Amino acid sequence: MPSMRDQLGGLVYSTDQGDTCPTCREPLAECHCEALAEQERIAALDGIVRIRRETSGRKGKGVTTLTGIPLPENELTPLAKRLKKRCGTGGSVKNGVIEIQGDQRETLKQALTELGYTVKLAGG
């Protein structure tokens, strides 16, 4: 196990290349850590989109969440826009999860099935 000094020490800034990534020690312009993390997130998915209605922590207001969509983060936003338009409500994308306002499970299940996704209703 590396010592505490080795764990906390490391190049943070260089006059030759500017800021460096603390994870891979590459210059920020050449860092691929985010892309690798996104590929790992997509690889860990099982291909089933789960639709769940949630109210906890939302002052009783329900939202429908979509998890497990095998798309990169930047492609989730256009999909969310299409789904929100189909439901006629608002929503957002947070940490790879699409949130649609209200109980829209059946509408979203039909829309995602038409797009070719395997859909499963989860939760209550």
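To be clear, the structure that these remarks concern was listed above.
Keep in mind the model is a prediction, meaning the values are calculated, not measured.

K.L.:
So what about the environment of Asp46? Which residues, and what values?
P.N.:
Locating Asp46 in the fold gives a position in the loop between helix 2 (33-43) and strand 3 (48-54). For Asp46 and Pro70, which are 24 residues apart along the polypeptide, the C-alpha to C-alpha distance reads 8.4 Å. Here the side chain of Asp46 touches Ile48 through a polar contact of 3.2 Å, landing on its backbone nitrogen. Engagement of the side chain of Asp46 in a polar contact is seen with the side chain of Arg50, the distance being 3.2 Å.

K.L.:
Go over unusual backbone geometry with me, naming the residues and quoting the values.
P.N.:
Positive phi outside glycine occurs at Asn95, with the angle close to 55°. On the secondary structure map, Asn95 appears in the loop between strand 5 (91-94) and strand 6 (97-101). Judged by relative accessible area, which is 74%, Asn95 ranks as exposed.

K.L.:
So what's going on with helix 4 (residues 105-114)? Residues and values would help.
P.N.:
Residues Leu108, Ala111 and Leu112 constitute the buried set of helix 4. Along the axis of helix 4, the buried positions cluster into a sector of 95°, meaning they face one direction only. Across from the buried face of helix 4, at angles greater than 90 degrees, the exposed residues are Glu106 and Glu114. At its buried positions, helix 4 is contacted by strand 3, strand 4 (63-67), helix 3 (73-87), strand 6 and strand 7 (118-122). A positive backbone phi angle near 95° is found at Gly116, which sits one or two residues after helix 4.

K.L.:
Account for the side chain of Gln104, with residues named and values stated.
P.N.:
With respect to the helices and strands, Gln104 occurs in the loop between strand 6 and helix 4. With relative accessibility at 15%, the residue Gln104 sits in the buried group. Discounting chain neighbours no more than four positions away, the residues touching Gln104 are Thr64, Cys87 and Thr89.

Calculation notes
Residues numbered from 1 in each chain as written. Predicted model: local features only at pLDDT ≥ 70, side-chain atom pairs only at ≥ 80, totals over all residues. Heavy atoms only, no water. Helix = DSSP H or I, 4+ residues; strand = E, 2+ residues; numbered from the N terminus. Polar contact = N/O pair within 3.5 Å; in protein donor to acceptor, adjacent residues only side chain to side chain. Buried < 20%, exposed > 50% of the residue type's maximum accessible area, 1.4 Å probe, protein only. Arc of directions from axis to C-beta. Contact = heavy atoms within 4.5 Å.

The analysis is restricted to geometry; functional conclusions fall outside its scope.
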